[in-house]
Amino acid sequence: MTERVVVLGCGPAGLIAAERAEREGQGVAIMARKMKSVMPGAQYLHEFIPGVTRQEPTGYVCLKKRGTRPGYASKVYGDAEHPVSWDNYSEGYVPAWSLGDAYERLWNKWEDKIIDVQLDRSMIQTLAGEKGVLILSTIPAPILCRGGCKFNSAEVYFSGRPQPRVPDNTIVYNGDPLDLWYRTSVIFGHGATEWAREPGHVPVQMGRKPTHTDCECQPRRVVRLGRFGSWDKNFLVHHAWERTASALHEMQ
Ligand SMILES: Cc1cc2nc3c(=O)[nH]c(=O)nc-3n(C[C@H](O)[C@H](O)[C@H](O)COP(=O)(O)OP(=O)(O)OC[C@H]3O[C@@H](n4cnc5c(N)ncnc54)[C@H](O)[C@@H]3O)c2cc1C
């Protein structure tokens, strides 16, 4: 029986999980290094979340593809057969909700309740041993690992500038081997370009995309959510909403 939910992490996935757990009638605590997450690139919520986003989409984003799917996979992962988000989307318009606005709203609501702490596995294990506690963890999965598991990832280099002549609310997936960049976008006025290797001619930031893990050794009553929490590159921020509800129902 779950009596209390502890959310680890205060990025967008963590705060969406906290909001959903509260909506389900749970007492919620949030523990995290208390810093507002910076969301790299042009990001958006793919679905409406009641009470978190407005019902109407903020806008419609036009998805375009250039070159081929194997060309795209080779550029991103160095392997033409690798699973890629190219497969998840068709060209055309999709509804999009502002992630920045939703996160701002949630941050303003939850900020005072975030306990500022640097977590490690033994702290989480102690917490998970408390009766009636369910932990929803969005902190990077390796922190919960006993050791010895695989956490594969790919490098991503991004800049806050789109490629020239990309109109607002557009994402271009680029499988053309003649260009080094593989994705560029402008969403609600924020631009981004991504490369798998350092382009050299523009200032970029380096990050990592989780690609695979075999780790299942998180303590009992800990559910991993979020892109880095679940170590799943297909985890989108809005998935935290439904997965929190499922985790709560499974633990009853
Ligand atoms: C270029 C790019 C574009 C993306 N576009 C989208 C998109 O359009 N839509 C989408 O849904 N997703 C997108 N994603 C994926 C992902 O959902 C986002 O990166 C999202 O911002 C991640 O949010 P999060 O809350 O899961 O993680 P984070 O924002 O990284 O939050 C992690 C939290 O854990 C805390 N933490 C970490 N370690 C510790 C510790 N030891 N102790 C205490 N606290 C700790 C941090 O302080 C932070 O609060 C994109 C990712 C990238 C890289």
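Calculation notes
Residues numbered from 1 in each chain as written. Predicted model: local features only at pLDDT ≥ 70, side-chain atom pairs only at ≥ 80, totals over all residues. Heavy atoms only, no water. Buried < 20%, exposed > 50% of the residue type's maximum accessible area, 1.4 Å probe, protein only. Helix = DSSP H or I, 4+ residues; strand = E, 2+ residues; numbered from the N terminus. Pairing = 2+ DSSP bridges. Near = heavy atom within 4 Å. Polar contact = N/O pair within 3.5 Å; in protein donor to acceptor, adjacent residues only side chain to side chain. Areas by Shrake-Rupley, 256 points an atom, 1.4 Å probe, with all protein chains shown as cover. Nonpolar A, V, L, I, M, F, W, Y, C, P; charged D, E, K, R; others polar. Axes fitted to C-alpha atoms, helices over the stretch in contact; angles between N-to-C directions. Contact = heavy atoms within 4.5 Å.

**Thoughts on the pairing of strand 1 (residues 4-8)**
No. 1: Counting buried positions along strand 1 yields four of five residues, so the element is predominantly enclosed.
No. 2: Looking at chain direction, strand 1 and strand 2 (residues 27-32) are connected through five bridges and run parallel. Residue pairing in the sheet places Val-5 in a bridge with Val-28 of strand 2.
No. 3: Summarising the sheet, strand 1 and strand 7 (residues 133-137) pair through five bridges and their orientation is parallel. By the bridge assignment for strand 7, Leu-8 is matched with Ser-137.

**Concerning the site of the ligand**
No. 1: The full set close to the ligand counts 25 residues, and Cys-10, Ser-37, Tyr-44, Leu-119 and Val-237 are the nearest of them.
No. 2: A distance of 2.6 Å separates an oxygen atom of the ligand from a polar side-chain atom of Ser-37.
No. 3: Note that an oxygen atom of the ligand is positioned 2.8 Å from one of the backbone N or O atoms of Val-237.
No. 4: Considering the ligand on its own, with 1000 Å² of exposed area, one finds that the protein chains cover 90% of that surface.
No. 5: Here the shell around the ligand is composed, by residue class, of 14 nonpolar, eight polar and three charged.

**Things to note about the sheet that holds strand 6 (residues 114-116)**
No. 1: Taken together, five strands build an open sheet; the order of strands is 6-2-1-7-13 and the sheet is parallel. At either margin of the open sheet sits one strand with a lone partner, and together these are strand 6 and strand 13 (222-224). The mean angle between the axes of side-by-side strands here comes to 25°, regardless of whether they run parallel or antiparallel.
No. 2: Sitting on the sheet, helix 5 (residues 239-251) is in contact with strand 1, strand 7 and strand 13, with an inclination near 155° to strand 7.

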